[in-house]
Amino acid sequence: MLHTFGLDDLEENAYLALLRLPASDERDLSERLGRPAETVSVAVDHLVKEGFIRRAGNRLLAVQPDVAFGPGLLRRHGEMQRVQTFIATLMEEYRERSALRDAREAVEVVIGAAEVMARWQHLQRAAQKEVKSLAKEPIVISADNQAQRVAMASGIVYRSVYERTMIDVPGDPYQLAWSAANGELMRIATDVPTKLMIFDGRAAFVPLMSASVEPAALVITSGTLLGVLNWVFETVWAGAVPFPATENTLGPEEQRLLSLIIAGYTDRAISKQFGLSHRTVQRRVRQLTRLAGVETRLQLVWHAAKHDWL
């Protein structure tokens, strides 16, 4: 137990013997310890020098423990505090380095058309529950997405928000009709901030593509950025409107709202009819106009009549 104070086995036994037994001289101590007198004498000299025992004539006396070991304990306590401070500094550096390392590992850069396509298909095949996407032009990756067909056939849910310009392209080059017919949950938005696909909420694929540069993409698999991208999708999804827009798109309240608009009711008059705030009615009217892909009430009325919404 006393090795931490620099005592070897003989010196520790000598101190304990003097502490527990009446004072004795070196010869008596040597006999009690069963060790040669010369060896015990060397140990005694070291104990006296370090302040663990003292001489009283020929007698050897143990210094009381708190006096003998107190200064050493204080020194070691100070040393431990310095060591703890040093370790805390090392831990801070480790966390900073770890954060940088994790950030590098969390973002994968994929460059080249073939590489981007392969990584995109692999992420879709690995999905188990849901694939979320934001889509906007230009689309460089082929619209013939065989991996999506296989995934949807196996029960994977696809939720997608398309920028309106993609809906208006003649000939349906992006095969949106097939996607809608096969169960993809589709919405449209006037503006989509970025191209994005998220797989099971655990990996995000962000294409960095244009017709004039080599295709590239980022794959994010952890960290704050992945959480932000999930939030971006859900925010855009919440503000988008269902597609395709048919009479079945409108629920009873939307149909009633549209009827009042066609009848010429103002927003305030409609709010009284619904028992809703003026702001809520304005928001619902904006949702209807976005659903129709128009800007004004007159255009909304014309669109509703053309598509038999009522």
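The structure we're discussing is the one just above.
Values in this document were obtained by computation on a predicted structure and should not be read as measured data.

To continue, consider the overall build of the protein. A tally of helices and strands in the protein yields 13 helices and 10 strands. The buried share of the protein, taken over its 310 residues, is 37%. If you take every contact in the protein between residues at least 6 apart in sequence, the share linking residues at least 24 apart comes to 66%. Accessible surface for the protein amounts to roughly 18100 Å². Of this, 56% is attributable to carbon and sulfur atoms.

Below, the discussion takes up the sheet that holds strand β10 (residues 241-243). Within a sheet, adjacent strands bond to each other through the backbone by hydrogen bonds, running parallel or antiparallel. Strands sit in the order β3-β9-β8-β7-β4-β5-β6-β10 across an open sheet of 8 strands; the sheet is mixed. This sheet does not close on itself; its edge strands, each paired only once, are β3 (107-111) and β10. Averaged over neighbouring strand pairs, the angle between their axes works out to 20 degrees when direction is ignored. Along the sheet, helix α5 (residues 113-126) makes contact with β3, β5 (157-163), β7 (196-199), β8 (203-208) and β9 (216-220), crossing β3 at roughly 135 degrees. Lying on the sheet, helix α12 (residues 278-292) is in contact with β6 (185-189) and β10; it crosses β10 at an angle near 30 degrees.

One pass over the structure, following the stated rule, counts 1 aromatic pair. Both rings, one in F233 and one in W237, keep their centres 5.9 Å apart while their planes meet at 25 degrees; by these two values the pair is stacked. Taken together, the residues F233 and W237, both in helix α9 (residues 224-239) and 4 residues apart, mark about one turn of the helix. W237 gets classed as buried once you look at its relative accessible area, which sits at 12%. A cation sits over an aromatic face here: R149 above W178, 4.2 Å from the ring centre. Residue placement shows R256 over the ring face of F274; its charged tip is 4.5 Å from the ring centre.

With that out of the way, let us pick up the pattern of salt bridges. Side-chain pairs of opposite charge can arise whenever the charged atoms involved come near each other. All told, the structure shown has 9 salt bridges when counted by the stated rule. For D28, the salt bridge goes to R32, with nearest N and O atoms at 3.2 Å. With D28 and R32 both in helix α2 (residues 26-33) and 4 residues apart, the pair spans about one turn of that helix. On the accessibility criterion, D28 (25% relative accessible area) is partly exposed. As a salt-bridge pair, R119 and E108 come within 3.0 Å of each other at their nearest N and O atoms. Of this pair, R119 sits in helix α5 while E108 sits in strand β3, placing them 11 residues apart in sequence. Here the salt bridges do not stand alone but share partners, grouping E130, K132, R159 and E234 into one network.

A few words on the packing of helix α1 (residues 9-20) against helix α3 (residues 37-50). At a minimum axis separation of 9 Å, α1 and α3 run at an interaxial angle of 75 degrees. The angle between α1 and α3 places the two elements in the roughly perpendicular class. Residues L10, E11, A14 and Y15 of α1 touch α3, and the partners they reach there are T39, V40, A43, H46 and L47. Considered class by class, the residues forming the contact of α1 with α3 number 6 nonpolar, 2 polar and 1 charged.

What follows is about the nonpolar core. One finds Y162, L257, I261, I270, L288, L300 and W309 to be the most contacted residues of the largest nonpolar core, which totals 24 residues. Of all elements in the fold, only α7 (164-167), β6, α10 (252-262), α11 (267-274), α12 and α13 (297-306) reach the threshold of two or more residues within this core. The biggest single contributor to this core is α12, with 5 residues.

With 12 residues, α1 extends 16 Å between its outermost C-alpha atoms, agreeing within 8% with the 16 Å of an ideal straight helix rising 1.5 Å per residue. If you check which residues of α1 are buried, you get L10, E11, E12, A14, Y15, L16, A17 and L18. Looking at where α1 begins, the residue whose side-chain oxygen comes 3.2 Å from the main-chain nitrogen of L10 is D8.

Parameters and conventions
- Residues numbered from 1 in each chain as written.
- Predicted model: local features only at pLDDT ≥ 70, side-chain atom pairs only at ≥ 80, totals over all residues.
- Heavy atoms only, no water.
- Helix = DSSP H or I, 4+ residues; strand = E, 2+ residues; numbered from the N terminus.
- Buried < 20%, exposed > 50% of the residue type's maximum accessible area, 1.4 Å probe, protein only.
- Contact = heavy atoms within 4.5 Å.
- Areas by Shrake-Rupley, 256 points an atom, 1.4 Å probe, with all protein chains shown as cover.
- Pairing = 2+ DSSP bridges.
- Axes fitted to C-alpha atoms, helices over the stretch in contact; angles between N-to-C directions.
- Phe/Tyr/Trp six-rings, centres within 6.5 Å; stacked < 30°, edge-to-face > 60°.
- Lys NZ or Arg CZ within 6 Å of the ring centre and 35° of its normal.
- Salt bridge = Lys/Arg side-chain N within 4 Å of Asp/Glu carboxyl O.
- Parallel < 35°, antiparallel > 145°, perpendicular 65-115°, else oblique.
- Nonpolar A, V, L, I, M, F, W, Y, C, P; charged D, E, K, R; others polar.
- Core = buried A, V, L, I, M, F, W, Y, C linked by side-chain atoms within 4.5 Å.
- Expected span 1.5 Å × (residues − 1).
- Polar contact = N/O pair within 3.5 Å; in protein donor to acceptor, adjacent residues only side chain to side chain.

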